[in-house]
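Overview (structure and organization)
Listed here are the chains, written in short residue letters.
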Amino acid sequence: MTISDHQIEEASKMGAKLLGMTTIWNHRYSNLNGARTNAFGLATHLLNTYQNVKRVVAIVGAKGRSQHSASQVVLFDVTGLDEMIVADLTGLSNNHDCASYELDAQGNTESL
């Protein structure tokens with residue numbers, strides 16, 4: 001079982017739904033909250049495409065072996081989940097590298 005498989009299985013038990021996967025380079029110095037990251041872009045796409053998805057959480061899965069290799073990022077729909085459950089999802093991430101995204105009143109993605 002891979003790191004991401006484990007995260008997906010455990011998150012599903014908590015009620016989160018897998019939405020997709022992407023990558024981030026040099027996760028130690030990158031910010032998943034940054035609008036230029038793949039995670040932010042995919043979260044924006046998911047929030048705008050699926051009307052029932054109101055909140056997305058991204059967590060870092062398998063890390064790249066160096067700053068020159070990509071790390072996996074797994075995105076989950078956590079719409080309607082209790083805040084404690086959402087907080088527990090961060091425990092599935094390596095070093096608690098995670099981000100949460102919602103649409104603001106103007107329909108723009110904001111990172112929480």
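Please refer to the structure placed before this passage.
Residues numbered from 1 in each chain as written. Predicted model: local features only at pLDDT ≥ 70, side-chain atom pairs only at ≥ 80, totals over all residues. Heavy atoms only, no water.

Re the overall build of the protein
- The helix and strand inventory of the protein stands at three helices and five strands.
- Reading the protein from its N end, one meets helices and strands in the order α-β-α-β-β-α-β-β.
- Taking all 112 residues of the protein together, 38% fall into the buried category.
- In the protein, of all internal contacts separated by at least 6 residues, the share reaching a separation of at least 24 is 66%.
- By element, 50% of the accessible surface of the protein is carried by carbon and sulfur atoms, the whole surface being about 6,200 Å². (Helix = DSSP H or I, 4+ residues; strand = E, 2+ residues; numbered from the N terminus. Buried < 20%, exposed > 50% of the residue type's maximum accessible area, 1.4 Å probe, protein only. Contact = heavy atoms within 4.5 Å. Areas by Shrake-Rupley, 256 points an atom, 1.4 Å probe, with all protein chains shown as cover.)

Observations regarding the sheet that holds strand S1 (residues 17-25)
- Judged by pairing direction, the sheet is antiparallel, and its five strands sit side by side in the order S1-S3-S2-S4-S5 without closing on themselves. What marks the edges here is a single partner per strand, and that holds for S1 and strand S5 (109-111). Neighbour-to-neighbour, the strand axes of this sheet turn through a mean angle of 25°, independent of strand direction.
- Pairing between strand S2 (residues 55-60) and strand S4 (residues 98-103): five bridges, direction antiparallel. Considered in S4, the bridge of Val56 is made with Tyr101.
- Lying over the sheet, helix H1 (residues 3-14) contacts S1, S2 and strand S3 (70-77), oriented at roughly 15° with respect to S3. (Pairing = 2+ DSSP bridges. Axes fitted to C-alpha atoms, helices over the stretch in contact; angles between N-to-C directions.)

Section: the pattern of salt bridges
- All told, the structure shown has four salt bridges when counted by the stated rule.
- For Glu83, the salt bridge identified is with Arg55, shortest N-O distance 2.6 Å. With Glu83 in helix H3 (residues 83-89) and Arg55 in strand S2, this residue pair connects regions lying 28 residues apart in the sequence.
- The partner of Glu102 in a salt bridge is Arg55, with the nearest N and O atoms 3.7 Å apart. Taken as a pair, Glu102 in strand S4 and Arg55 in strand S2 lie far apart in primary sequence, 47 residues in all. (Salt bridge = Lys/Arg side-chain N within 4 Å of Asp/Glu carboxyl O.)

Considering the nonpolar core
- By size, the foremost hydrophobic cluster in this structure holds 15 residues, and its most contacted members are Leu32, Ala39, Val56, Ala58, Val73, Leu75 and Tyr101.
- Residue assignment for this core shows that the elements contributing at least two residues are helix H2 (38-49), S2, S3 and S4.
- A per-element tally of this core places H2 first, with five residues.
- Among all residues touching Ala58, those that are not within four sequence positions of it are Leu32, Ala39, Val73, Val74, Leu75, Asp97, Cys98, Ala99 and Tyr101.
- If you look at the next biggest cluster of nonpolar residues, it comprises twelve residues, including Ile59, Val74, Val78 and Val86. (Core = buried A, V, L, I, M, F, W, Y, C linked by side-chain atoms within 4.5 Å.)

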